[in-house]
Amino acid sequence: MEDITIEKADYIVAHYAHLMNLEERKALRHHISTLKLDETKDVRLTRVYLKTGWLSDDPLILNYLSEGYIQFTLNCAERILKDNPDEVFFNLCPVCKKLARTPFAKQCRWCGHDWH
Ligand SMILES: [Zn+2]
């Protein structure tokens, strides 16, 4: 299997989020919540987030993010690809062979080619 790039990993996490497992979803939600809370610094809100499960204090979940969000995305995308090789469609431009923005895009964001 070819090495996954951060570009492909972002594409998988963005468009194949339904293939994430429960732990990966929790880790992603935790990461997003952390970003939101960083903006507000609201202690009460932090407690609410922990209570509702938007933040996790589960070491297993936190371990997913221990090497940072980019590495989490790469690991997650690699796992999704390994477990669902037939479900992930890399929408490559027929001309420049680069990855389109979405699986359904019909125009290349790199070279502008249109395959409608
Ligand atoms: Zn192209």
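Residues numbered from 1 in each chain as written. Predicted model: local features only at pLDDT ≥ 70, side-chain atom pairs only at ≥ 80, totals over all residues.

1. As for the domain arrangement of the chain
No. 1: Here the domain parsing of the chain yields domain 1 (6–83) and domain 2 (91–116).
No. 2: Of note, the centres of domain 1 and domain 2, computed from C-alpha atoms alone, are 28 Å apart. (Domains from an automatic or database assignment.)

2. Some points on the packing of helix H2 (residues 22–40) against helix H3 (residues 43–52)
No. 1: It is the contact of H2 with H3, at a shortest axis distance of 9 Å, that shows an interaxial angle of 165°. One element, H2, and the other, H3, form an angle in the roughly antiparallel class. As H2 runs across H3, the sense of the crossing is right-handed. Where H2 abuts H3, its residues Ser 33, Leu 37 and Thr 40 lie against Leu 45, Thr 46 and Tyr 49.
No. 2: Residues belonging to the contact of H2 with H3 are distributed by class as follows: three nonpolar, three polar and no charged. (Axes fitted to C-alpha atoms, helices over the stretch in contact; angles between N-to-C directions. Helix = DSSP H or I, 4+ residues; strand = E, 2+ residues; numbered from the N terminus. Parallel < 35°, antiparallel > 145°, perpendicular 65-115°, else oblique. Left-handed = near helix turned anticlockwise from the far one by under 90°. Contact = placed C-beta atoms within 7 Å. Nonpolar A, V, L, I, M, F, W, Y, C, P; charged D, E, K, R; others polar.)

3. Structural notes on the nonpolar core
No. 1: One finds Ile 12, Ala 27, Ala 77 and Ile 80 to be the most contacted residues of the largest nonpolar core, which totals 14 residues.
No. 2: Listing elements by their share of this core, those giving two or more residues are helix H1 (6–15), H2, helix H4 (59–64) and helix H5 (69–83).
No. 3: At six residues, H5 tops the list of elements feeding residues into this core.
No. 4: If we skip the residues at most four places from it in the chain, Ile 12 touches Ala 77, Ile 80, Leu 81 and Val 88. (Core = buried A, V, L, I, M, F, W, Y, C linked by C-beta atoms within 7 Å. Buried ≥ 20, exposed ≤ 12 C-beta atoms within 10 Å, placed from the backbone.)

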